[in-house]
Amino acid sequence: MKMTFLGAAHEVTGSSTLLTACGKNILIDCGMEQGADIYENCDLPISPMNIDAICLTHAHIDHSGLIPAMVAQGFKGPIYATEATRRLCTIMLRDSAHIQEAEAEWRNRKAQRNGDPPYVPMYTMAHAEQALRQFAGYNYGETVTIAEGIQLSFHDAGHLLGSASLRFSITEEGERRSILFSGDLGNHTRPLIRDPQSPPDADFVVIESTYGDRSHGPRIDYVTQLAQVIQDTLDQGGNLVIPAFAVGRTQEMLYLIREIKERGLVRGHEGFPVYVDSPLAVEATRIYSDDQAMIPFYDEESLALLNRGVNPIAFPNLILSVTSDESKLINFDMTPKVILSASGMCEAGRIRHHLKHNLWRRESTVLFVGYQSEGTVGRKLIDGAASVKLFGEEIAVHANIVTIAGISGHADREMMLSWLNKMSNPPKKVYVNHGDDSVTDFFADFLEKNLKVPAVAPFPGDEFDLVTGECSAKGVIRKLTKVTDGRRKANAAFDRLLAAGKRLLDVINVSRGLSNKELAKFTDQINSLCDKHLRK
């Protein structure tokens, strides 16, 4: 029995791990990479046709997005997940397939004009539909035999409705081993979903490390802080733009805004409009609201609201935008408003249009409420970029860039350590994945010191023997990008220079109408500055 790390090794996205035991090949997660690719992922060492099953921790695309691609390449086995994950994947995988087909259509128009060969999408809607037919849904606490000698059980991970930690119990040639995959562990006391469940015992644990190098700090009142951001932005006459993942984070923000409206915490803007501008988020919101199969996965507070006949994520002046025309009208309406749009890291989707229309406005605010991977537009904004490129155009950043500390959907360092400490018996070894390059190593060291068990951060392609827990084969490490602190500071300095140049152009444009003497003096000053730097 062995385990091979394929994706999200020294990276945050693209989760995928191959478990080989009892003559079976089982894939735990099959995620698509998002943001900058730091390491070259290891190719699947066998044909997808030889994968016997996929076991899914939750529905987010960085864990599920390549399942239809597996189907396109011949995978025909079952896909094990919780019932809530199965339901959410019905919209997420279809949406992803639509994006793949739309990109192929665009590329092929361009290829036809240039005489290039046709572009074949990674997968199509037909592949997504076939993948959905292969899903089997279960509840928390259920155990299923997925092959002779291999049992799988689901445990609430508290990250997203239906998110699960997966425990495998394996018996092979007289050896018995158990391995627990944490999946993405959730933050505590979040809207709609329960805190992560105490983990069952296991010989080995594979744990995420998104926030493995930091603490969220003291628990803050999210409702009060969000209300203040809304108040300040609307008072200035601007828009509050919230990049949010369509499934999970959008619905949590709606829960908080419903409470803000019910308690009247924003004054002078009663009935302020809130737009959800993402077809996928709209579908997910409807599933959260109307799908009875989701109810067992809610927390007690949400269930109490539902029992009183209150929809936890609905309120007056909530506007769900589906069509592109509806989306465009949002930015033509000058009424101060809240806009929730995907994607959460600003790498794709309608959020980029809203950023283009609002980043340059000093009265507007962009509020980040989730993790931003290195290399993404969201990360650049949080790091203080003076401008970002959207649709081929440099957009100056004058809007307020705000984050709400601690509102992340991921557990922090102390929460993950506490989760491991709740095991009745400590694991023999911990494997750290799903974190930034330096964070995975930091968190592995942190666990060794505080949990007092061996911990390691595998690289793509690293293979481990699950009888001994030791590395049996090393992957080939190919680092694709390296963003040093010096380069990051240099980029930030150049961004400031670029913004200053744009500001100078603004000054020149408003100088029309000055006297010839004043214009000549201003021109001489600019030329003198240019000559000084050209001589360096």
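Each chain carries its own residue numbering, running from 1 in the direction its sequence is written. Residue-level local features of this predicted model are given only where pLDDT is at least 70; pairs of side-chain atoms are given and counted only at 80 or more, and the full residue set underlies all totals for whole chains, interfaces and linings. Side-chain measures here rest on the full set of heavy atoms in the structure, leaving out hydrogens and waters.

Thoughts on the sheet that holds strand β20 (residues 429-432)
We apply this condition: Only when DSSP finds a minimum of two bridges between them are two strands counted as paired. We count a stretch as a helix when DSSP gives it H or I for four or more residues in a row; a strand needs E for two or more, and each element gets its number in order from the N terminus. Here a residue-residue contact requires only that any non-hydrogen atoms of the pair lie within 4.5 Å. Orientation is described by lines fitted to C-alpha atoms, with helices fitted over the stretch in contact, and by angles between N-to-C directions that extend from 0 to 180 degrees.
An order of β7-β8-β9-β10-β11-β20-β21 is seen for the seven strands of this open sheet, with the pairing classed as mixed. Every interior strand has two partners, whereas the edge strands, β7 (143-147) and β21 (455-456), have only one. Pairing geometry for β7 and strand β8 (residues 150-156), over four bridges, is antiparallel. Following the sheet pairing, Thr145 is matched in β8 by Gln151. Sheet contacts for helix α12 (residues 413-421): β9 (164-172), β10 (175-181) and β11 (204-207); angle to β11, the most-contacted strand, approximately 160°. Contacts from helix α13 (residues 437-451) reach β11, β20 and β21 within the one sheet, and its direction differs from that of β20 by about 160°.

Some details on the packing of aromatic side chains
Applied cut-off: What counts as a ring pair is set by centres within 6.5 Å for rings of Phe, Tyr and Trp (its six-membered ring), and what kind of pair is set by the plane angle: stacked under 30 degrees, edge-to-face over 60, tilted for all other angles. Here, over-ring charges are defined by two tests on the NZ atom of lysine or the CZ atom of arginine: distance to the ring centre within 6 Å, and angle to the ring normal within 35 degrees.
Inspection of the entire model under this criterion finds ten aromatic pairs. Where Tyr431 meets Phe464, the ring centres are 4.9 Å apart and the plane angle is 65°; that geometry is what we call edge-to-face. With Tyr431 in strand β20 and Phe464 in strand β22 (residues 463-465), the pair connects residues that are 33 residues apart, well separated along the chain. Here the aromatic cluster, defined as three or more aromatic residues joined through ring pairs, consists of Phe5, Phe204, Tyr431 and Phe464. One cation-aromatic arrangement involves Arg107 over Tyr119; the distance from NZ or CZ to the ring centre is 4.4 Å. The ring of Phe391 has Arg352 sitting right over it, with the charged end atom 5.9 Å from the ring centre.

Let's talk about empty space enclosed by the protein
The criterion, for reference: Here a cavity denotes grid points, spaced 1 Å and computed from the protein atoms alone, that fit a 1.4 Å probe unable to get out, and a pocket denotes an open set having protein on both sides within 12 Å along at least 5 of 7 lines; residues with an atom within 4 Å of a point are the lining. Grid points are joined across faces, edges and corners, and a volume is the space filled by probe spheres set on the points.
A complete count under the given rule lists three cavities of 30 Å³ or more for this structure. Lining the largest cavity are 16 residues, and of these Asp29, Phe181, Gly183, Val206 and Asn433 sit closest to its centre. Put simply, the parts of the chain that give the lining of the largest cavity at least two residues each are β2 (16-21) and β11.

A word on the pairing of strand β5 (residues 79-82)
Counted only if it meets this: Think of it in three bands: residues with accessible area under 20% of the maximum for their type are buried, residues over 50% are exposed, and the middle band is partly exposed, with areas taken using a 1.4 Å probe on protein chains only.
Of the two faces of β5, the one carrying Ile79 and Ala81 and the one carrying Tyr80 and Thr82 are both buried. Pairing of strand β4 (residues 53-55) with β5 involves two bridges; the strand directions are parallel. What sits directly across from Cys55, in β5, is Tyr80. Across four bridges, β5 lies against strand β6 (residues 135-138) in parallel orientation. Note that in β6 the partner of Ala81 across the bridge is Gly137.

Overview of the side chain of Glu208
Put simply, the rule is: Charged residues are defined here as Lys and Arg on the positive side and Asp and Glu on the negative side; His and the ends of the chain fall outside this count. Salt bridges, as used here, are contacts in which a Lys or Arg side-chain nitrogen is within 4 Å of a carboxyl oxygen on Asp or Glu. Polar contact is defined as a pair of N or O atoms within 3.5 Å, subject to the rule that within protein one atom must be able to donate a hydrogen and the other to accept it, and that residues adjacent in sequence are counted only when both atoms are side-chain atoms.
Residue position: Glu208 is located in the loop between β11 and α5 (222-235). The buried charged residue Glu208 lacks any salt bridge, with Arg190 as its nearest oppositely charged partner at 9.0 Å. Within the structure, the side chain of Glu208 is placed 3.0 Å from the side chain of His410, a separation counted as a polar contact. Discounting residues that sit within four places of it in the chain, Glu208 has contacts with Ser182, Gly183, Asp184, Leu185, His410, Met416, Asn433, His434 and Phe443.

Points about the confidence of the model for the protein chain
The condition that has to hold: The predictor's confidence in any single residue is recorded as pLDDT, a number from 0 to 100.
Overall, the prediction assigns the protein chain a mean pLDDT of 90, with 93% of residues at 70 or greater. Note on residues 482-493: pLDDT under 50 across the span, and five contacts to partners over four residues away in sequence or across chains.

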